[in-house]
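Structure at a glance
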Amino acid sequence: RFAAAWRASRTRMVWYFGRAGACVTRAGGPGKYDSASTSNSLSYAENHATCRRSCDVDAFCVGYSVYAPLVGGQVECKTYKAQAPEDAIAGATPSSGTTCYEKIYSPPPSPPPPRFLLPAGWLLLPPPEPPPEPPPSPPSPPPPSS
């Protein structure tokens, strides 16, 4: 499922693809996470938003995971880095209370269609109006009387 979070930039948008479980790389490993932070003073939503923002601003971040125990305990955030293709997040492995979010970039928008340009000095005039209707014919003279 796609997480509802996305960020717009001038050229593309960032989406996060959420999967239940811990993040794994293409090689099947646990991934290289840059930092793990824990907090029990913030709500789950605040921890999640902080974790997402830290990935948004990092060009090397390929995703993040959030661990939230079912009862009490600390919420943990991990942001993952990939400097090589094999380090990219490829999925999630079962892990109770953990959700992995893969960072996905949308393609850049299409360029605008080309505009029709006229050579310098040319004017583009509207089509000519149709000629006016001819005036009605005068009535025919009466036939000569005899």
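Quick look at the structure, then. Everything numeric in this text was worked out from a predicted model, so none of it was measured.

Time to look at helix α1 (residues 44–56). Here α1 is 13 residues long and its end C-alpha atoms lie 18 Å apart, about the 18 Å a rise of 1.5 Å per residue gives. Within α1, burial applies to Asn47, His48, Ala49, Cys51, Arg52 and Cys55.

Once that is clear, we can look at the state of the cysteines. Note on terminology: disulfide describes a covalent bond linking the sulfur atoms of two cysteines. Applying the stated criterion across every chain, the model contains three disulfides. Between the sulfur of cysteine 23 and that of cysteine 100 lies a disulfide, 2.0 Å long from S to S. The chirality of the disulfide connecting cysteine 23 with cysteine 100 is right-handed, given an S-S dihedral of about 110 degrees. With cysteine 23 in strand β3 (residues 22–25) and cysteine 100 in strand β8 (residues 98–105), this pair connects stretches of sequence that are 77 residues apart. Through a disulfide, cysteine 51 is tied to cysteine 77; the S-S separation comes to 1.9 Å. Around the S-S axis, the bridge from cysteine 51 to cysteine 77 shows a dihedral of about 80 degrees and counts as right-handed.

Right, let's get into the pairing of strand β5 (residues 61–67). Among the seven residues that make up β5, six are buried, leaving the element largely enclosed by the rest of the structure. Sheet topology places β5 next to strand β6 (residues 75–81); six bridges connect them, and they run antiparallel. Looking at β6, one finds that serine 65 is bridged to lysine 78. In this sheet, β8 lies alongside β5 in antiparallel orientation, the contact comprising five bridges. If you follow glycine 63 over to β8, its bridge partner there is glutamate 102.

In the structure shown here, the tally under the stated rule is two salt bridges. As a salt-bridge pair, arginine 19 and glutamate 102 come within 2.9 Å of each other at their nearest N and O atoms. With arginine 19 in strand β2 (residues 13–20) and glutamate 102 in strand β8, the pair connects residues that are 83 residues apart, well separated along the chain. The exposure class assigned to arginine 19 is partly exposed, which follows from its relative accessible area of 22%. Glutamate 102 sits in the buried class, given a relative accessible area of 17%.

This brings us to the nonpolar core. Core analysis: the largest hydrophobic core is formed by 11 residues, namely Val14, Tyr16, Cys51, Cys55, Cys61, Tyr64, Val66, Ala68, Val75, Cys77 and Tyr101. Taken together, the elements giving at least two residues each to this core come down to β2, α1, β5 and β6. At three residues, β5 tops the list of elements feeding residues into this core. Here cysteine 61 is in contact with Cys55, Thr79, Tyr80, Lys81 and Lys103, once residues within four sequence places are set aside. Counting six residues, the second largest nonpolar core, distinct from the first, contains Cys23, Val62, Ala82 and Cys100.

Conventions we followed
- Residues numbered from 1 in each chain as written.
- Predicted model: local features only at pLDDT ≥ 70, side-chain atom pairs only at ≥ 80, totals over all residues.
- Heavy atoms only, no water.
- Helix = DSSP H or I, 4+ residues; strand = E, 2+ residues; numbered from the N terminus.
- Expected span 1.5 Å × (residues − 1).
- Buried < 20%, exposed > 50% of the residue type's maximum accessible area, 1.4 Å probe, protein only.
- Disulfide = S-S within 2.5 Å.
- Pairing = 2+ DSSP bridges.
- Salt bridge = Lys/Arg side-chain N within 4 Å of Asp/Glu carboxyl O.
- Core = buried A, V, L, I, M, F, W, Y, C linked by side-chain atoms within 4.5 Å.
- Contact = heavy atoms within 4.5 Å.

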